[in-house]
Amino acid sequence: MVGRCAAEAPVVLALCLSVPTIGRVSIAPDTPAAAVSDAEPVIVARAVAKKFGDFAALQGLDLEVKRGECVGLLGPNGAGKSTFIGCLYGAVLRTGGDLRVFGYDPAENPRKIKERLGVVPQENALDEGLTVMENMRLYARFEGVDKKAALPRIQDLLAHMSLDHKKEAPIKTLSGGMKRRLAFVRALLSDPEVLILDEPTTGLDPAVRHLLWEKVISYRQAGKTVMVTTHYMHEAEILCDRIIILNRGIVVGAGAPRALIDQETPGFVATFGHDLEEQIKAELQTGWELFHQGRQCCVRAPRIDDLLALQQTLGATALQLRPSNLEDVYLKLTGRELDDND
Amino acid sequence: MTDEFRTSFQLAWHVVVRNWVVYRKDFLANISPTLADPALMLTALGMGLSPFIGEIGGLSYAQYLAPGMVATTALFTAFFESSYGFYVKMTFESVFKAMLTTPIGVKEVVIGEFLWGYIRAAMMGGTVGIFLLFMGLLSNPWAVFAFPVISGLLAVPCGAIGLLASAMVRNINQFQTVYSFLIAPIFYLSGVFFPLGDRPVLSVIVQFSPFYHGVRLLQLSAWGQWHPGEIAWHLGLLLAFTAGLGYWAYRKVQKILTT
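Thresholds, definitions, all that
Residues numbered from 1 in each chain as written. Chains lettered and ligands numbered in written order. Predicted model: local features only at pLDDT ≥ 70, side-chain atom pairs only at ≥ 80, totals over all residues. Heavy atoms only, no water. Buried < 20%, exposed > 50% of the residue type's maximum accessible area, 1.4 Å probe, protein only. Helix = DSSP H or I, 4+ residues; strand = E, 2+ residues; numbered from the N terminus. Pairing = 2+ DSSP bridges. Expected span 1.5 Å × (residues − 1). Contact = heavy atoms within 4.5 Å. Buried area = accessible area lost by both parts, 1.4 Å probe. Salt bridge = Lys/Arg side-chain N within 4 Å of Asp/Glu carboxyl O. pLDDT = per-residue confidence, 0-100. Core = buried A, V, L, I, M, F, W, Y, C linked by side-chain atoms within 4.5 Å.

What to know about the pairing of strand S3 (residues 70–74) of chain A
Residues and elements named next belong to chain A. Most of S3 sits inside the fold, with 5 of its 5 residues counted as buried. Side chains of S3 alternate between two faces, with Cys70, Gly72 and Leu74 and Val71 and Leu73 buried alike. In the sheet, S3 pairs with strand S7 (residues 225–229) via 4 bridges, with the strands oriented parallel. Pairing of Leu73 across the sheet is with Thr229, part of S7. Summarising the sheet, S3 and strand S8 (residues 242–247) pair through 4 bridges and their orientation is parallel.

Written as structure tokens, this is what we have:
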């Protein structure tokens, strides 16, 4: 994304204030796209519905996840992300449609699925009274990991997550970031084929977040499949080959992050204070869009030069001048972006 | 089918192991109340009241009371573990949220809780039995071998009542109501403290309490009374309650743990 933006207009790079530094994490897909598109699907959802009483949490969800893919589920709170994740391993029983994971129906054969699935749930749900090792030994047992293989496996994973110095520490003495890393260790104990991450980095500091991203990426390099729900667009862009945006229990957009941006919100965005709104309206050209984010007034135009010219006309410098990003797509598709008529 | 049974049992056993690992962390605090209560009761009521009450069917009051103490331990062990204990694991500690992402399912969670209830009650009932033996309160000393088995059998349906309560209460305080209106009457009126023989109405009502059948089996063994017909009746009903309440509890817990 950064590379492309730089190639198009070098000046933009300096202005790309909203694109966070990617740091140590590579954003290049680790599995060749062609290999993924030919792979068998591990998750197939057709018109999956879930009602809680009168409330329809999922209203006919269609999606497919192929082996080796990393798919991000985005959507506002209550969009149905966690409900769908629960459906995948039988914790939530769907009320309609068809769902297959590894070819099995999770409502009928959850164990067959859970044997091959690792889940990091939204809550860590670790046994607080027990130590790190006691927790992991128990879970290795639950997952059916051979007794002899369990100890080296646990030790490897703890070292991998920089937790090996905490082996004998009771869970209640760990920090939030450590507990989250331990929940990752727990999910990986059985070396699952598919890893499900439900808001894996919510509430974590950037260092831990980067560490977890690296782990997910190295896990993917081993050819594993990942499904992740998140509210962080940057996280989705870094980790996922494909994004699925949910709103009110249905899929409202799907595709590779870059393709989604090019399709839904192509171009560049300039953000101004709301006091300039009337002047901006007067300058709007065909193909431009005016919308609001909070109390700020945003203009989307196909070319960066359009926005640079607009700045000159207005005699004002934009608060932010950047290429369109996944957040724009998200806000547009979930109806959170208020257009000029709202 | 046998494979499925074996796998399911193994997974349920993991739940027992998990409970044991947590339990042994606080071993003393965990065993004290369930052992101290019957010991106190036996001292206060058995030793204290014996001289005033005289004999009941040829037994001193302390001897009459003795098997009931084994039953008491089993009842409270099972009920508190499956009500407060299970509820805390389910809500405050979210233990099952993570556990159910592993091959363990709700069926195995419930079977594991019952197995754990059986084992704990057997341990506690057995310990109380040995204490009674040393106090010279068992007319039939061999009963110490029957106590763990019967305590466990009694604990499972009582544990099922606790699980049902866990699945039905809206908050943890409501267990107090379950205790006051269900467990306490069952406890006080099931023949632990006085014989029911000449109370026809109560004698019929208690047939609906699994606790009563457990108490009777413990009493028959402690007093060395070999009545095959009566044993079969109580054992049969105890097993029927175990099956019925156990299945009902499983369905209720399944509804709570899967949505």
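Moving on from the model shown.
Some details on helix H5 (residues 106–134) of chain B
Each α-helix winds once per 3.6 residues, and so residues spaced three or four apart point in a common direction. The end-to-end C-alpha distance of H5(B) is 42 Å, a good match for the 42 Å that 29 residues give at a rise of 1.5 Å each. Phi turns positive, to about 70 degrees, at B:Gly136, one or two residues after H5(B).

Description of the interface of chain A and chain B
It is common to give the size of an interface as the accessible area that goes away when the parts come together. Counting from both sides, the interface comprises 26 residues of chain A and, opposite them, 27 residues of chain B. Carbon and sulfur atoms make up 57% of the surface buried where chain A meets chain B, a total of about 2200 Å² over both sides. Area buried by chain A at its contact with chain B is led by A:Arg111, A:Lys114 and A:Phe142, which between them contribute 31% of it. One can count 5 salt bridges joining chain A with chain B. The closest approach of N and O atoms between A:Glu123 and B:Lys97, which form a salt bridge, is 2.8 Å.

So, the confidence of the model for chain B
Residue and element names in this part refer to chain B. Looking at chain B, pLDDT values average 92 and 100% of them are 70 or higher. Ranking the elements of chain B by mean pLDDT puts helix H2 (residues 27–53) last with 83 and helix H9 (residues 210–222) first with 96. Scored by ipTM, the complex comes to 0.88, with pTM at 0.86.

Re the nonpolar core
Counting residues in hydrophobic clusters, the biggest one holds 130 residues, and the most contacted among them are A:Leu182, A:Leu326, B:Phe96, B:Met99, B:Leu132 and B:Phe211. Element by element, the count of residues in this core is highest for helix H3 (residues 61–90) of chain B, at 16 residues. Once residues within four sequence positions are removed from consideration, B:Met99 is found in contact with A:Tyr139, A:Phe142, B:Val15, B:Arg18, B:Ile104 and B:Val109. Counting residues in hydrophobic clusters, the runner-up holds 29 residues, among them A:Val42, A:Leu73, A:Leu88 and A:Met227.

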